[in-house]
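Read off the chains here:
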Amino acid sequence: MKFTLFFRKVVLLIMLFLAIDFVISKVLIEGLNRYFGLNEKADVLINGSSMVMNGFDRYELGKIIDLDVASYSHEGVSLVDRQAMLQHFYDNYKCDVKTIIFEIHPLIFSSYIRSKNVYTIFYPFMDVDNIDYYIKERASEKEYWVHKIIRTSRFDSNKLITVARGYLGVFGSFKTNVLDKERVDKNLHGVVNEIVIAPQKQELFEEIMQMIESNNSRALLVMMPMYDSKFKTFPKDDYKELCFYFEDFCSRKDGFEFLDLNIDSITTNAQLFFDDVHLNVKGQKVVTDIVAGHL
Amino acid sequence: MLFTSINFLLFLPLVIALYTITPAKYKWLTLLIISYVFYLNIKPIYALLTVGVTVSTYTFTRLMDNSKKDSFRKRYMMINIVLILLPLLYFKYFSVINNELLIYLGSRGFNWIFPEMKYLLPIGISYYTFMCIGYTIDVYNEEIKAEKNIGIVALFVSFFPLILSGPIERAKNMLPQFRNLKSINLLNIKQGAQLMLWGYFMKLVVADRIGMYVDVVYNNLHSESGNSILLAVILYPFQVYADLGGYSLLAIGIAKTLGIDVMHNFKRPFFAITVADFWRRWHISLIKWLTDYLYTPLSFSLRKLGIWGIIIALQLTFLISGIWHYASLSMVIWGVLQGTYLSIEAFSHKQKTEFENKYGLRNRKWYLFISMLLTFSLFAISQIVGRTDSIADSALVFTKIFSPWGNLYLDLTTLLFSIVGIVIVLCKDFVEEFYPNSIRLFSNTNILIRYSSYLSIVFLIILFGVLDGNSFIYFQF
Amino acid sequence: MERSVIIEKLSSVFRNVFSDEQLEIKDELTAKDVENWDSLSHMILISEVENAFSIKFKLKDLNKMKNVGDMINNIASKI
């Protein structure tokens, strides 16, 4: 086989590869957008981590309030990631989103790093400027360029499942189990968790709220509920102080509201929880109904 | 570096380029230098060992060739075998036994004379030691003339595609090729790339994916229920096949791009109809080596014992095969199990053949299918001992499988991807086994089918392969 | 002993060891061509051949015998 012919074949294969790579990645991104609800205009956007992912069925919520609800959330994200997510949202999805449902939890201002490689969840959105920059800051050079050039490498098995769910319209929770009350109570007995308020995190939060305000959106800050034994591990006074901060913050902003869902009727009902911090299908319905009422 | 790393994908074209520009007379030298660079990149100090084994093997094979007296030749052979076995015995077995003794005697209040020995096994030692022993014996048996160029012997020992996980090659096959290295042939590169592509698929898409399920179950034997454990037991043989088979294909494919032909290591093992058949299809290079250099001489000297001679030889051979993998009681039991399976088959061979002939069973598809299932099951059972860390854990596996079951560990994503991967591999093997040459994908004459196949596999690897090693782990508060 | 006699005697040994009354041996015959002739039955064959011809093979001989023809030549050299 002559070298020039071989070389031409290789070049042809590479070009075919890049073309198909592009097409497949576009199809996959569309699936992700459908899952998050970003493929069409959204009136309400939910943002948070696994607590809101389990806490809300965005589709059902939308049916109740008769609006389009999107949920751009992912397990393990912290405030700085959520800032990138909201930036991504506002830069790319030209729509008149009216309200942001923003997840709050007691450790939102802690500086504890929940994941070393959470930036990897953003790879599919590398085409977006702020996301691209966000990843470049965190990933190694090799990693960054491989994912930049080979678009399909931005997806892994978890993302593919999300894509499938997006196309199949499967948004709800599969968590039908109820937590093991006895075991959880026993494990949490005597445990004390600190509510840490790192000033940089607070600043970051206020920056995010500023971004929401300047985009003419309202914010509903929702303190997501957790199971009673877990809730009681946080010092009552510190918790009250944290809530007061949010209430006070919202009172000074037009259209911002704080909703604390750690109320007895929810926290003490073990049937609503899958584990000590996540709601199951039943709990999801309860919370969705309550929040719908507030909107 | 691992063959599955990005670094290697950049390294290989460089190797091919260097090899191409080297004049034919010195191509072996290029390969030797590259192989040592490759090895030094992993663990430099152990390169001293490969050099030592090379020098020893070269010296004693040359001495054998220059000697006429059989007793001298035999002596040279024995000396070399002992010399090069010593490091293997020391690193692999002595340190393990030593540490076990330390713990055992320590728990009884005695002091052991040696301290704890913590060594990482020198990379490739199990492979190149066996290759050199084989070469030494071949020279003694006058199957091959001793190589005069020590550089070629050094290349034989350190050849980078083979040094990590084999296949365990023979001097008769490799030395002539190393002496006459040809220039790059684009057809070889294409064929090598095809083998590598399938190897990557098996390793990254199938083996590593199944591992995600099997590892979780085996790491939590005490809390997992019998049904999850049973599922893991059934999946594990596929993981090993895809892992070792895939890696072997990578090694063979890489060698092929350089125009070097290496023996195949697997031949559609799950279509074996007896355990004997299975061992002619699984880890072929190791079994062939053990057959030629251990089983044959052993069964030959025991041939007057008839069937019992065969059985003793079988047991010993597979015992060695077991501990070749690693030094543990579990692997001893593994080896004994294989030997037992084969012995039972040897014993019942005549009656079985008569029975099969009487009813024409060998022509019945359902009979063959059941035989394959049985053979697979026997292997899967033996792999339980191979996968667990201790005898107690192996017993636990059996206990749990036969006790009442609880909830199945259902990692749907992993299971789904694993099963699809297994089906694809089995389909390919099935076609190769029963309808070779009929359905061709990679070697189809139609360029559209060829390119579609390549690209499909590439995208399957990118999308479904377990690529980044560390999956996204996060901590809940 | 004449070659044809060796062949005849060897044939009966083969037929016995491999349970095949129809088996015909020829020079080019190898283990691949005979069902049941594998490493497990090989030594039994060797042993039976030694008994039939009252000879003793060496391990070296074994390696040199690539087909039945080699075996016949080897036997002939020993008788």
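This structure is a prediction, so every number in the text was calculated from the model and none was measured.

### Brief notes about the overall build of chain A
Then comes step 1: Scanning chain A from terminus to terminus reveals 13 helices and five strands.
Then comes step 2: Rg of the C-alpha trace for chain A: 21 Å, near the compact-globule value of 19 Å for 295 residues, within the 12% margin.
Then comes step 3: By the burial criterion, 53% of the 295 residues in chain A qualify as buried.
Then comes step 4: Within chain A, residue pairs in contact and separated by at least 24 positions form 78% of the contacts whose partners lie at least 6 positions apart.
Then comes step 5: For chain A, the distance from the average position of its 35 positive side-chain charges to the average position of its 41 negative side-chain charges is 9 Å.

### With respect to the interface of chain B and chain C
Then comes step 1: Chain B puts 21 residues into the contact, and the matching count from chain C is 23 residues.
Then comes step 2: On the chain B side of the contact with chain C, Phe300(B), Arg303(B) and Lys304(B) bury the most area, a combined 30% of that side's loss.
Then comes step 3: Summed over the shared surface of chain B and chain C, the number is four salt bridges.
Then comes step 4: Among the ionic pairs, Lys60(C) bridges to Asp70(B), the shortest N-O distance being 3.7 Å.
Then comes step 5: The interface formed by chain B and chain C contains four residue pairs in polar contact (both at pLDDT 80 or more).
Then comes step 6: Sorting the residues of the side of chain B that touches chain C by element identifies α12 (284-301), α13 (307-325) and α15 (349-359) of chain B as the ones contributing at least two each.
Then comes step 7: For the side of chain B that touches chain C, the element with the highest residue contribution is α12(B), accounting for six residues.
Then comes step 8: Tallied by class, the residues present in the side of chain B that touches chain C amount to seven nonpolar, six polar and eight charged.

### Things to note about the interface of chain A and chain B
Then comes step 1: Contacts between the two partners involve 42 residues from chain A and, on the opposite side, 25 residues from chain B.
Then comes step 2: Summed over both sides, the interface between chain A and chain B buries roughly 2900 Å², with carbon and sulfur atoms accounting for 73% of that surface.
Then comes step 3: On the surface where chain A and chain B come into contact, there are zero salt bridges.
Then comes step 4: Here chain A is connected to chain B by two residue pairs in polar contact (both at pLDDT 80 or more).
Then comes step 5: The leading source of residues in the side of chain A that touches chain B is helix α1 (residues 3-36) of chain A, at 11 residues.
Then comes step 6: Grouping the constituent residues of the side of chain A that touches chain B by class yields 23 nonpolar, 11 polar and eight charged.

### Looking at the sheet that holds strand β4 (residues 218-223) of chain A
All names here are of chain A.
Then comes step 1: Spatially, the five strands line up as an open sheet ordered β2-β1-β3-β4-β5, and their pairing is parallel. Lying at the two open borders of the sheet, with one neighbouring strand each, are β2 (69-71) and β5 (256-260). Pairs of neighbouring strands in the sheet enclose a mean axial angle of 20 degrees, with direction left out of account.
Then comes step 2: Two elements, strand β3 (residues 99-104) and β4, share six bridges in a ladder whose sense is parallel.

### So, the pairing of strand β1 (residues 44-47) of chain A
Put simply, side chains in a regular strand alternate between the two faces of the sheet.
All names here are of chain A.
Then comes step 1: Burial along β1 is two-sided: the residues Val44 and Ile46 and Leu45 and Asn47 are all buried.
Then comes step 2: Sheet topology note: the β1/β2 ladder contains three bridges and is parallel. Along β2, the bridge assignment pairs Ile46 with Ser71.
Then comes step 3: Sheet topology places β1 next to β3; four bridges connect them, and they run parallel. When the sheet's bridge partners are listed, Ile46 is paired in β3 with Ile101.

Basis of the calculations
Residues numbered from 1 in each chain as written. Chains lettered and ligands numbered in written order. Predicted model: local features only at pLDDT ≥ 70, side-chain atom pairs only at ≥ 80, totals over all residues. Heavy atoms only, no water. Helix = DSSP H or I, 4+ residues; strand = E, 2+ residues; numbered from the N terminus. Rg over C-alpha atoms; globule rule 2.2 N^0.38 Å. Buried < 20%, exposed > 50% of the residue type's maximum accessible area, 1.4 Å probe, protein only. Contact = heavy atoms within 4.5 Å. Lys, Arg positive; Asp, Glu negative; His and termini not counted. Charge placed at Lys NZ, Arg CZ, Asp CG, Glu CD. Buried area = accessible area lost by both parts, 1.4 Å probe. Salt bridge = Lys/Arg side-chain N within 4 Å of Asp/Glu carboxyl O. Polar contact = N/O pair within 3.5 Å; in protein donor to acceptor, adjacent residues only side chain to side chain. Nonpolar A, V, L, I, M, F, W, Y, C, P; charged D, E, K, R; others polar. Pairing = 2+ DSSP bridges. Axes fitted to C-alpha atoms, helices over the stretch in contact; angles between N-to-C directions.

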